[in-house]
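Examining the three-dimensional arrangement
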Amino acid sequence: MADKASGDWTAGVVAMIAALLIGGGIPVGLYLGLYAPKKQDRIDAEKKYKELTENEVLLFVQQAEVMKLKAEADEMAERVKEIEAPFAVGSEARMDVPKARDMLDRLAGTHNLKLLPIRRQQVGADVVFPGESQVTFEKGLVATKLIIEAQATFHDFGRFVTAMEMLPDLVVIPATLDCQGDSNGGREHLFVMHVYVVQKRNVEEIGR
């Protein structure tokens, strides 16, 4: 009888242990072995997601700022381009602005400006010719000197100067003017005028 009781008790203990392992041990093991690490992975993933989200917002703001600055730069470039439109193109070979000089020479002919008497015997002489001098300003801006020597009436020379300053394709800055009147009572006088023609900047080299 005692053996049977002992056997039943042993079977009961085994059943209790089995119940503990099956009913409690395995779920605890599963929790500790599977759920706990996954929880940390989830926390890490949420943290990473938050960082990525914050970085994404930051990148979006930075991109918007860059686009704004680019738009402003493009707008400023267009404005500078419009401002520089009447500036002359200079010759790199020598201090000259050939197209501007030719334009002023034609304008001088339109207003009846003639060569000085001492120049009329010179081959290839012009009323407007290079002054072989330049003035350099900030930001790469350069003004090239031209010399205007002419015989004309006061009225014709005055109209020429007015027309020169109103040219839409040139920016001309008068510098000096010498005038010698005809002491013999003639209507025509001798004029020597130095002007500076503003040149376009070398944008490729210096930027805007």
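Residues numbered from 1 in each chain as written. Predicted model: local features only at pLDDT ≥ 70, side-chain atom pairs only at ≥ 80, totals over all residues. Heavy atoms only, no water.

**Points about the nonpolar core**
The nonpolar side chains of a soluble globular protein tend to be buried with one another. Among the nonpolar cores identified, the biggest contains 25 residues, and Ile-148, Phe-157, Phe-160, Met-164, Leu-170 and Val-197 are the most heavily contacted of them. Mapped by element, the contributors of at least two residues to this core are helix 2 (98-110), strand 2 (142-153), helix 3 (154-165) and strand 4 (188-199). Per-element tally for this core: the top contributor is helix 3, with 5 residues. Val-197 has contacts with Ala-88, Val-97, Ala-100, Val-142, Ala-143, Thr-144, Leu-146, Leu-170, Val-171 and Val-172, leaving out every residue within four places of it along the chain. (Core = buried A, V, L, I, M, F, W, Y, C linked by side-chain atoms within 4.5 Å. Buried < 20%, exposed > 50% of the residue type's maximum accessible area, 1.4 Å probe, protein only. Helix = DSSP H or I, 4+ residues; strand = E, 2+ residues; numbered from the N terminus. Contact = heavy atoms within 4.5 Å.)

**Some thoughts on the sheet that holds strand 1 (residues 128-136)**
Spatial strand order, 1-2-4-3: 4 strands in an open sheet with antiparallel pairing. Looking at strand neighbours, the two that pair on one side only are strand 1 and strand 3 (172-180), the edges of this open sheet. Adjacent strand axes in the sheet meet at a mean angle of 20 degrees when their direction is disregarded. Bridge analysis of strand 1 against strand 2 gives 6 bridges, and the strand direction is antiparallel. Residue pairing across strands places Pro-130 opposite Leu-146, the latter belonging to strand 2. (Pairing = 2+ DSSP bridges. Axes fitted to C-alpha atoms, helices over the stretch in contact; angles between N-to-C directions.)

**Here's the deal with the pairing of strand 4**
Bridge count for strand 2 against strand 4 is 12 bridges, and the pairing is antiparallel. Following the sheet pairing, Leu-146 is matched in strand 4 by Val-195. Sheet topology note: the strand 3/strand 4 ladder contains 8 bridges and is antiparallel. The residue of strand 4 that forms the bridge with Gln-180 is Leu-190.

**Overview of a nonpolar patch on the surface**
Judged by side-chain polarity, Val-57, Phe-60 and Val-61 come together as a nonpolar surface patch covering roughly 310 Å² of accessible area. Classification of Phe-60 by relative accessible area gives exposed; the value is 59%. (Patch = residues over 30% accessible without salt bridge, like charges linked within 9 Å, V, L, I, M, F, W, Y side chains within 5 Å. Areas by Shrake-Rupley, 256 points an atom, 1.4 Å probe, with all protein chains shown as cover. Salt bridge = Lys/Arg side-chain N within 4 Å of Asp/Glu carboxyl O.)

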